[in-house]
Amino acid sequence: MKVHHLNCGTCCPWGGRLFDGESHGLLQGHIVCHCLLVETDRGLVLVDTGYGHRQLELRRLSKFFQLLNQPQLIEGETAVAQVRRLGFDPADVRHIVITHLDFDHAGGIEDFPNATVHLTAREKEVADEQRGGAFVGTRRYRPQQWDEMERWALYPMGRGEPWMGFDCVRDLEGLPPEILLVPLAGHTWGHSGVAIDTGGGWLLYAGDAYFHHGEIGRQHRRCPPGMRFYQDLMEVDREARITNQKRLRRLSLDRPREVEIFCAHDRAEFDRIAQAGDGDERPLTQWRERRPPERTFVR
Ligand SMILES: [Zn+2]
């Protein structure tokens, strides 16, 4: 099973280094929307979709999050553009597995009208009703990003089936058994991670269960203040979020050779994983070329 790592949405939130812990200066940070394209014997599977096309997204996104997150909305970073660039037909994307329906994960869904969308039933329910925090609920969930999709596969929040100490949902409809949903509530009510058995080890895409690489792989959490603020702003269940983040941190320490864990928005993680893979870091390269050298990443 081949996994491509795609950045489907560079954002430059205000706060620079205070936000992402890595950028030069305090003006603009740089985060990614880390998505996966998985080649399987059942067709192409997209895991999260990032942002859609510029003109479309400008109408669909809330002004609040446009201002806060500063999405760059680069056409070449859309999932559909990258699928084409890899030599595939977007019609061959048969399945989309979504961690949650926030605007920065669901923006590309309708670019793949042939796909079945897989996620927890809880997430679909609260997103349709725009329940996800008193202020951010109607701003984070934008049903116009997915209301034209016809095929949905909705799952309970775990079926009591164990995976690495977590509850998981196996046997997703029409998907190979190597792809699992791992519910990780807290950021949203129905948020989940996606685990993939690549044959050479497990990947656990944790979505927005954490935001910064310093939050896992070490005993004590390290997270820049901007990302802390953002996680607090967006959480719906603090206790669940903190508990799940601790469990991820534990897993990262206990089984580092068996499972590679990564989240949706950390640029350093994306950079490392995409470059260690098959070199499918083209979106990042493209982004670099758009910036003067002094604004490229600090490693
Ligand atoms: Zn997100």
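Everything discussed here concerns the structure shown above.
Residues numbered from 1 in each chain as written. Predicted model: local features only at pLDDT ≥ 70, side-chain atom pairs only at ≥ 80, totals over all residues. Heavy atoms only, no water.

Enquirer: Help me understand the coordination of the zinc ion, please; the structure alone is not making it clear to me.
Expert: Coordination sphere of the zinc ion, protein contribution only: Asp104 (OD), His105 (NE2), Asp208 (OD) and His265 (NE2), at 2.1 to 2.4 Å. One can describe the donor arrangement at the zinc ion as irregular, given that its four donor atoms subtend angles of 83 to 157 degrees at the metal. If you list the donors of the zinc ion from N- to C-terminus, the spacing comes out as D-H-x102-D-x56-H. Here aspartate 104, found in helix H5 (residues 103-106), pairs with histidine 265, found in the loop between strand S12 (259-262) and helix H10 (267-276); they are 161 residues apart in sequence, far enough to count as distant. Here aspartate 104 matches histidine 265 in class, with each residue buried. (Donors = N, O, S within 2.8 Å, 3.2 Å for Na, K, Ca; no water. Tetrahedral: all angles 85-135°; square planar, octahedral: opposite > 155°, others 65-115°. Helix = DSSP H or I, 4+ residues; strand = E, 2+ residues; numbered from the N terminus. Buried < 20%, exposed > 50% of the residue type's maximum accessible area, 1.4 Å probe, protein only.)

Enquirer: Explanation requested: helix H6 (residues 121-128) in the structure shown.
Expert: It helps to recall that an α-helix has 3.6 residues per turn; residues three or four apart then point in one direction. Residues of H6 that are buried: Glu123, Lys124, Val126 and Ala127. Lining the buried residues of H6 we find strand S5 (116-120) and strand S6 (152-155). (Contact = heavy atoms within 4.5 Å.)

Enquirer: Looking at this structure, how should I read the packing of aromatic side chains?
Expert: Aromatic ring pairs are defined here through the distance separating the ring centres and the angle between the ring planes. Scanning the entire structure with this criterion turns up 10 aromatic pairs. Arranged with centres 6.3 Å apart and planes meeting at 50 degrees, the rings of tyrosine 51 and phenylalanine 103 form a pair that is tilted. One end of the pair, tyrosine 51, is in the loop between strand S3 (43-47) and helix H2 (54-60); the other, phenylalanine 103, is in helix H5, and 52 residues separate them in sequence. Assessed through its relative accessible area of 1%, phenylalanine 103 is described here as buried. Three or more aromatic residues joined by ring pairs form one cluster here, namely Phe19, Tyr51, Phe64, Phe65, Phe103, Phe135, Phe211 and Tyr230. Directly above the aromatic system of phenylalanine 135 lies the positively charged group of arginine 139, at a separation of 3.9 Å from the ring centroid. Geometry around tyrosine 141 places arginine 140 over its ring, the cationic atom sitting 5.7 Å from the centre. (Phe/Tyr/Trp six-rings, centres within 6.5 Å; stacked < 30°, edge-to-face > 60°. Lys NZ or Arg CZ within 6 Å of the ring centre and 35° of its normal.)

Enquirer: What is the right way to read the side chain of glutamine 66 from this model?
Expert: Positionally, glutamine 66 belongs in helix H3 (residues 63-69). Glutamine 66 gets classed as buried once you look at its relative accessible area, which sits at 17%. A polar contact of 3.3 Å, which involves the side chain of glutamine 66, links it to the backbone oxygen of leucine 61. In this structure, glutamine 66 is in contact with Glu57, Leu58, Leu61 and Pro71, ignoring residues within four places of it in sequence. (Polar contact = N/O pair within 3.5 Å; in protein donor to acceptor, adjacent residues only side chain to side chain.)

Enquirer: Is there a simple way to think about the nonpolar core in this case?
Expert: Burial of nonpolar side chains together is a common tendency in soluble globular proteins. Judged by nonpolar contacts, the single largest core of 39 residues is most densely connected at Trp163, Leu204 and Leu248. Residues within four places of leucine 204 in sequence aside, it is in contact with Trp163, Val182, Val194, Ala195, Leu248, Leu251, Val259, Glu260, Ile261 and Phe262. Counting residues in each nonpolar core, the second largest holds 24 residues, with Leu37, Leu44, Ile109 and Val126 among its members. (Core = buried A, V, L, I, M, F, W, Y, C linked by side-chain atoms within 4.5 Å.)

Enquirer: Teacher, can you tell me more about the sheet that holds S12 here?
Expert: Adjacent strands of a sheet form backbone hydrogen bonds with each other and so pair up, either parallel or antiparallel. Here we have four strands laid out as an open sheet, ordered S9-S10-S11-S12, and mixed in their pairing. Since the sheet does not close on itself, it has two edges, and those belong to strand S9 (179-183) and S12, each with one partner. Neighbour-to-neighbour, the strand axes of the sheet open up by a mean angle of 20 degrees, direction not taken into account. Of the strand pairs in this sheet, strand S10 (residues 192-197) and strand S11 (residues 202-205) are connected by four bridges, and their pairing is antiparallel. Following the sheet pairing, valine 194 is matched in S11 by tyrosine 205. Against the sheet, helix H9 (residues 238-254) makes contact with S11 and S12, and its axis sits at roughly 140 degrees relative to S12, the strand it touches most. (Pairing = 2+ DSSP bridges. Axes fitted to C-alpha atoms, helices over the stretch in contact; angles between N-to-C directions.)

Enquirer: Is there a simple way to think about the sheet that holds strand S2 (residues 34-40) in this case?
Expert: Read from one edge of the open sheet, six strands run S1-S2-S3-S4-S5-S6, paired in mixed fashion. Every other strand in the sheet has two partners, leaving strand S1 (2-7) and S6 as the edge strands with one partner each. Averaged over neighbouring strand pairs, the angle between their axes works out to 20 degrees when direction is ignored. Pairing geometry for S5 and S6, over four bridges, is parallel. Across the sheet, residue valine 117 finds its bridge partner in S6, namely tryptophan 152. Running at roughly 140 degrees to S1, H10 makes contact with S1 and S2 of the sheet.

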